[in-house]
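Notes for the structure review
Below are the chains, spelled out letter by letter.
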Amino acid sequence: MIVGILGGGQLARMLALAGHPLGLKFVVLDPAPDACSGVVAEQVVGAYDDPQKLKLFADKVDIVTYEFENVPAESVRYLTDKLPVYPSPDALAFTRDRLTEKTMFRELGISTPEFYPINSLDDLQESVQKIGLPAILKSRTLGYDGKGQFLLKKNEDLPLAWEQLEGVPCILESFVPFSREISIIAARARNGKTVFYPVSENVHKSGILHLSTCRSDDPMQKAAENYSKLLLDKLGYIGVLSLELFHSGGSLLANEIAPRVHNSGHWTIDGAHTCQFENHLRAILGLPLGDTSAYGYCAMVNFVGRIPESKDVLAIKNAHFHDYAKEPRLGRKIGHGTVCSQREDEFGRSLEKLLALVS
Ligand code: AMP
């Protein structure tokens, strides 16, 4: 069985690493000739909208999935006409646009920050009157890692924010004074069976995920699972889906969905009985889903822009080192480290040492 992946970055690399023991082969489509999944998957180098490259890619694979969801809709349509594509393009369409995504949250009774569509500076001024400040202006599409966002603190910020986002369709969101950010990763099989990983608690630095920790008894686990289940069933979703939430004043507010394996679930490679990458493959291939429980206390620290030496990470008790073999660049995720332990005190000490290597 040959799995085609749209996008050839570290998520594709980790999917392929998890899939090789299952006897799978991989082909990725990515415009960058040095895409980091190249060592574990065959690569078609080409743009996502290049008809010849799409055909070449489609002819090589039996099934298609994504590590990068912003592939042009027409290209995805072309692939769906020829091959099984999971998750379905219809499911992806909802998550591509923050307005349709948040509208879906609201329709399903999932709490989310107050929001309004913004198409002009007038809209922005009017909506700020309703929401108040601070508030966040976000581009509706193509935003990630805090890009395409502007935190509005005072009325004078409005024209500058609108200019910086270059007048693209946006939404304005109320600012949530959250106590923490969490995410729940779920895998839903072709037969509808769904499994959930323990919730990850996430800390960002400059809009980029810095640290994810997981404990098996998070008080918001059930509430997060309930929200995730509503979404998975509504979308008829097949594969792994991550839902990011704000924990504020005893309740959860949904921020956004990632319709794929997610950075906050990288701890599952070393810390869960079945990692998110393997469960995604199992789900899309119609195989039984694996146990999502964690071995103990787990954490993942991203290596952004700079990677510590492997010997320093591996000297830490119960630590694992993941190098994506990417050129270091400011703000670029180039690897991660994990620590897992059944003993809370030991876990705390190991995590402190791992964090010290990236501070
Ligand atoms: P996003 O791209 O929507 O995931 O936003 C990136 C980060 O900005 C989030 O992880 C939060 O730390 C912060 N953020 C986004 N939306 C809000 C909000 N409505 N209120 C407070 N912080 C937010």
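Taken domain by domain, the protein consists of domain 1 (2-85), domain 2 (114-174) and domain 3 (180-357). Distance between the C-alpha centres of domain 2 and domain 3: 29 Å.

Right, let's get into the pattern of salt bridges. This model, assessed by the stated rule, comprises 21 salt bridges. Between K82 and D59 there is a salt bridge, with the nearest N and O atoms lying 3.7 Å from each other. With K82 in helix 3 (residues 73-82) and D59 in helix 2 (residues 51-60), this pair connects stretches of sequence that are 23 residues apart. With a relative accessible area of 49%, D59 lands in the partly exposed category.

What follows concerns the side chain of E181. Turning to its location among the elements, E181 is positioned in strand 9 (residues 180-188). The side chain of E181 is buried and forms no salt bridge, while K138, the nearest opposite charge, is found at 8.2 Å. A polar contact of 3.1 Å, which involves the side chain of E181, links it to the side chain of H204. Once you skip the residues sitting within four places of it in the chain, E181 turns out to touch S200, E201, N202, H204, L245 and F246.

This paragraph deals with the nonpolar core. With 40 residues, the main nonpolar core has V3, I5, F26, W267, F277, L281 and I284 as its most contacted residues. Every element with two or more residues in this core is listed here: strand 1 (2-6), helix 1 (10-19), strand 2 (25-30), strand 9, strand 12 (208-214), helix 10 (276-285) and strand 15 (297-304). At 6 residues, helix 1 tops the list of elements feeding residues into this core. Mapped onto the domain boundaries, this core takes at least three residues apiece from domain 1 (2-85) and domain 3 (180-357). If sequence neighbours within four positions are ignored, F26 has contacts with V3, I5, L15, A16, G19, H20, A41, E42 and L281.

This paragraph deals with the sheet that holds strand 5 (residues 115-118). Pairing in this open sheet of 4 strands is antiparallel, and the strands run 5-8-6-7 from one edge to the other. This sheet does not close on itself; its edge strands, each paired only once, are strand 5 and strand 7 (149-152). Across the sheet, the mean angle from the axis of one strand to that of its neighbour is 20°, orientation sign disregarded. Both strand 5 and strand 8 (residues 170-174) contribute to a ladder of 4 bridges, which runs antiparallel. Counterpart to I118 in the pairing with strand 8 is C170. In the packing of helix 6 (residues 121-131) onto the sheet, contacts are made with strand 5, strand 6 (135-139), strand 7 and strand 8, and the angle to strand 5 comes to roughly 170°. This element, helix 7 (residues 157-164), spans strand 5, strand 6, strand 7 and strand 8 of the sheet and lies at about 180° to strand 7.

Because side chains alternate across strand 4 (residues 63-66), one face comprises the buried residues I63 and T65, and the other comprises V64 and Y66, equally buried. Relative to strand 4, strand 1 is paired through 4 bridges, and the arrangement is parallel. Its bridge partner being in strand 4, L6 is matched across the sheet by Y66.

How each quantity is defined
Residues numbered from 1 in each chain as written. Predicted model: local features only at pLDDT ≥ 70, side-chain atom pairs only at ≥ 80, totals over all residues. Heavy atoms only, no water. Domains from an automatic or database assignment. Salt bridge = Lys/Arg side-chain N within 4 Å of Asp/Glu carboxyl O. Helix = DSSP H or I, 4+ residues; strand = E, 2+ residues; numbered from the N terminus. Buried < 20%, exposed > 50% of the residue type's maximum accessible area, 1.4 Å probe, protein only. Lys, Arg positive; Asp, Glu negative; His and termini not counted. Polar contact = N/O pair within 3.5 Å; in protein donor to acceptor, adjacent residues only side chain to side chain. Contact = heavy atoms within 4.5 Å. Core = buried A, V, L, I, M, F, W, Y, C linked by side-chain atoms within 4.5 Å. Pairing = 2+ DSSP bridges. Axes fitted to C-alpha atoms, helices over the stretch in contact; angles between N-to-C directions.

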